[in-house]
Amino acid sequence: MTDDRADNAARRGAGIDYSMMEHAVGYRLRRAQLAVFQDFNEAFSAKGLRPTDFAVLLLLTRNQGAKQSEVAEALGIQRANFVAIVDGLENKGFVVRRKSEIDRRVQSLHITEAGLAYLDELLPIWDEHEERLLAQLGGKQARDQLIGLLKRLYD
């Protein structure tokens, strides 16, 4: 028996045979995303933070006053879903919405002092999370290669 067939036979004996998806990019991306999010959720569980909330706060540190629609688009979140995310951050006092001076229909987002202080507590946890991922990948060169390959899929 070849190694692949032996692996498949062992998998069949142990449960699901997923050999047809073994080399499927989408399947591997999804499994990787689940693993990364699980590590993130475990790392931030004491803070009660979701990855999307963290991403919004992080983006606003360098994009104060960005349009709500721009931040949603940058994160790949539908506008309708993004409203609830911002509502939650606003209720916690981490973000404020302001009407644009130019177009009153447009909402701009600003991180508050409380949001910045909260983010300062979160950054060391995020750094540890990123270091764990870096170690799993085999270092910065591997990370940079992976990021380059992933960008090809969506750029």
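To be clear, the structure that these remarks concern was listed above.
Residues numbered from 1 in each chain as written. Predicted model: local features only at pLDDT ≥ 70, side-chain atom pairs only at ≥ 80, totals over all residues. Heavy atoms only, no water.

**Student:** Teacher, can you tell me more about a negative patch on the surface here?
**Tutor:** A cluster of acidic residues, Asp127, Glu128, Glu130 and Glu131, forms a negative patch at the surface. Positionally, Glu130 belongs in helix α6 (residues 113-137). (Patch = residues over 30% accessible without salt bridge, like charges linked within 9 Å, V, L, I, M, F, W, Y side chains within 5 Å. Areas by Shrake-Rupley, 256 points an atom, 1.4 Å probe, with all protein chains shown as cover. Salt bridge = Lys/Arg side-chain N within 4 Å of Asp/Glu carboxyl O. Lys, Arg positive; Asp, Glu negative; His and termini not counted. Charge placed at Lys NZ, Arg CZ, Asp CG, Glu CD. Helix = DSSP H or I, 4+ residues; strand = E, 2+ residues; numbered from the N terminus.)

**Student:** Help me out: how do you make sense of the sheet that holds strand β1 (residues 66-67) in this one?
**Tutor:** Ordered in space as β1-β3-β2, the 3 strands form an open sheet in which the pairing is antiparallel. Each having just a single partner strand, β1 and β2 (95-99) make up the two edges of the open sheet. Of the pairings in the sheet, the one linking β1 to strand β3 (residues 107-111) comprises 2 bridges and is antiparallel in character. Each residue of the ladder has a partner; that of Lys67, found in β3, is Ser108. Set on the sheet, helix α3 (residues 51-62) makes contact with β2 and β3; between it and β3 the angle comes to about 95 degrees. (Pairing = 2+ DSSP bridges. Contact = heavy atoms within 4.5 Å. Axes fitted to C-alpha atoms, helices over the stretch in contact; angles between N-to-C directions.)

**Student:** For this particular structure, what's the right way to read a nonpolar patch on the surface?
**Tutor:** On the surface, a nonpolar cluster with roughly 440 Å² of combined accessible area is contributed by Val25, Leu29, Leu153 and Tyr154. Where the nonpolar patch is concerned, the elements lending two or more residues are α2 (25-44) and α7 (140-154). By relative accessible area, Val25 is classed as exposed at 53%. (Buried < 20%, exposed > 50% of the residue type's maximum accessible area, 1.4 Å probe, protein only.)

**Student:** Any chance you could explain the side chain of Gln68 here in plain terms?
**Tutor:** Locating Gln68 in the fold gives a position in helix α4 (residues 68-75). The exposure class assigned to Gln68 is buried, which follows from its relative accessible area of 12%. Dropping the residues within four chain positions of it, Gln68 is found in contact with Phe82, Val83, Val86, Arg97, Gln107 and Leu109.

**Student:** Whenever I open this one, the side chain of Asp53 confuses me. Can you help?
**Tutor:** Mapped onto the fold, Asp53 is located in helix α3. Under the relative-accessibility criterion, Asp53 is labelled buried at 4%. Non-local contacts of Asp53, meaning those with residues more than four positions away in its chain, are made with Ile85 and Leu89.

**Student:** Quick question: what am I supposed to make of the pairing of β3 here?
**Tutor:** Working note: regular strand, side chains alternate between the two faces of the sheet. With respect to burial, β3 is a largely interior element, 4 of its 5 residues being buried. When β2 meets β3, the two strands line up antiparallel, connected through 5 bridges. From the neighbouring strand, Val95 faces β3, where its bridge partner is Ile111.

**Student:** What is the right way to look at the nonpolar core in this model?
**Tutor:** A general trend in soluble globular proteins is that nonpolar side chains are found buried together. Core analysis: the largest hydrophobic core is formed by 23 residues, its most contacted members being Leu57, Phe82 and Val95. Discounting residues that sit within four places of it in the chain, Leu57 has contacts with Leu89, Phe94, Val95, Ile111, Tyr118 and Leu119. (Core = buried A, V, L, I, M, F, W, Y, C linked by side-chain atoms within 4.5 Å.)

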